[in-house]
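Geometric and topological summary
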Amino acid sequence: MPRNVEVKARLRALEATRAAAERLGGPGRARGTLQADTFFRVPRGRLKLRRGPDGRGELIFYERPDAAGPKLSRFTITPTDDPDGLEAVLAQALGVLGVVRKERLLYLVGQTRVHLDSVEGLGDFLELEVVLTEEQTVKDGERVARKLMKELGIREEDLISGAYLDLLLAKGELGS
């Protein structure tokens, strides 16, 4: 199962972070997209169906601790050309927890995916995904993440645990 070290943080200054990400990832190299993630009830980990504007989707299962700061995430992704049909089956079999809608800017900085997310109902966030090689340890990934956090102006008090869905559920906004 692929692994990465993840960090999620609330953004205080989207434009300043975007400028830093541009500087690190190369000007004009960001990719933007709209995403809708439907989360399903599962006994462990998280299972979501991600839809993009092209009509295709990805089913993503992942496990990671709900802790602030750099943390190991193990995940599996499979593409689908029929997200509507897949969602109907999964909703019937498992039940839907909620939907997260976001506009995402993606920058690639070395082995790290830097996401700047504007999440409907929540605001602006940064997510780092340090993609680990087979040889790398979690500590290696944490070092990369902490260095990038510093370069992007992310402080410890900005870090959040859990997923965007958890924040929406806490606010009583499930989405649909």
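None of the values given here were measured: they were computed from a predicted structure.

What counts and what doesn't
Along each chain, residue indices are assigned from 1 in the same order as the chain's sequence is written. At least 70 in pLDDT is required for a residue's local features to be given in this predicted model, at least 80 for side-chain atom pairs to be given and counted, and no such filter applies to totals for whole chains, interfaces and linings, which use all residues. Note: side-chain values were computed over all heavy atoms of the structure, leaving out hydrogens and water. Strands are labelled as partners when DSSP assigns at least two bridges between them. Helix and strand assignments come from DSSP, with helices taken as H or I runs of at least 4 residues and strands as E runs of at least 2, each series counted from the N terminus. Expected helix span is computed as 1.5 Å times (number of residues minus one). The rule is simple: take the accessible area with a 1.4 Å probe, protein chains only, and divide by the maximum for that residue type; under 20% is buried, over 50% is exposed, in between is partly exposed. In this description, the arc belongs to the directions extending from the helix axis to the C-beta atoms. Think of a polar contact as two N or O atoms within 3.5 Å of one another; within protein, one of them needs to be a possible hydrogen donor and the other a possible acceptor, and neighboring residues in sequence only count if both atoms come from side chains. Every residue pair with non-hydrogen atoms within 4.5 Å of one another is taken to be in contact. On a scale of 0 to 100, pLDDT captures the predictor's confidence in every residue. For helices, the axis comes from a line fit to the C-alpha atoms of the stretch in contact; other axes are also lines fit to C-alpha atoms, and the angle between any two N-to-C directions lies between 0 and 180 degrees. Relative orientations are named as follows: roughly parallel for angles under 35 degrees, roughly antiparallel for angles over 145 degrees, roughly perpendicular for angles from 65 to 115 degrees, and oblique for any other angle. Under this grouping Gly is polar, as are all residues other than the nonpolar Ala, Val, Leu, Ile, Met, Phe, Trp, Tyr, Cys and Pro and the charged Asp, Glu, Lys and Arg.

1. Considering the pairing of strand S8 (residues 123–131)
When strand S1 (residues 3–10) meets S8, the two strands line up antiparallel, connected through seven bridges. Among the inter-strand pairings, Val-5 is bridged to a residue of S8, identified as Val-130. Between the end of strand S7 (residues 112–119) and the start of S8, which pair antiparallel, lie three residues, with Gly-121 showing a positive phi angle near 85 degrees.

2. Overview of helix H1 (residues 14–25)
Taking 1.5 Å per residue as the helical rise, H1 with its 12 residues ought to reach 16 Å, and the 16 Å between its terminal C-alpha atoms agrees with that figure. Listing the buried residues of H1 in full gives Leu-14, Thr-17, Ala-20, Ala-21 and Gly-25. Take H1 and look down its axis: the buried residues cluster within an arc of 130 degrees, on one side only. Seen from the open side of H1, the exposed residues pointing more than 90 degrees away from its buried face are Glu-15 and Arg-23. Of the residues flanking the end of H1, it is Gly-26, one or two places downstream, whose phi is positive at about 100 degrees.

3. Structural notes on the side chain of Glu-127
By the secondary structure assignment, Glu-127 is in strand S8. In this structure the side chain of Glu-127 is engaged in a polar contact, spanning 2.9 Å, whose partner is the side chain of Lys-8. Leaving out residues up to four positions away in the same chain, Glu-127 has contacts with Val-7, Lys-8, Arg-104, Arg-113, Val-114, His-115, Asp-117 and Tyr-164.

4. Considering the confidence of the model for the chain
Reading predicted coordinates in detail is not appropriate for stretches of low pLDDT. Of all residues in the chain, 98% attain a pLDDT of 70 or more, and the chain-wide mean is 93. Of all secondary-structure elements in the chain, the lowest mean pLDDT belongs to H1, at 92, while helix H2 (residues 83–94) reaches the highest, 98.

5. Some remarks on the packing of H1 against helix H3 (residues 138–152)
Viewed as axis vectors pointing N to C, H1 and H3 meet at an angle of 125 degrees, and their least axial separation amounts to 9 Å. Overall, the two elements H1 and H3 adopt an arrangement that is oblique. Residues Thr-17, Ala-20, Ala-21, Arg-23 and Leu-24 of H1 pack against Leu-148, Glu-151 and Leu-152 of H3. Classifying every residue of the contact of H1 with H3 by side-chain character gives five nonpolar, one polar and two charged.

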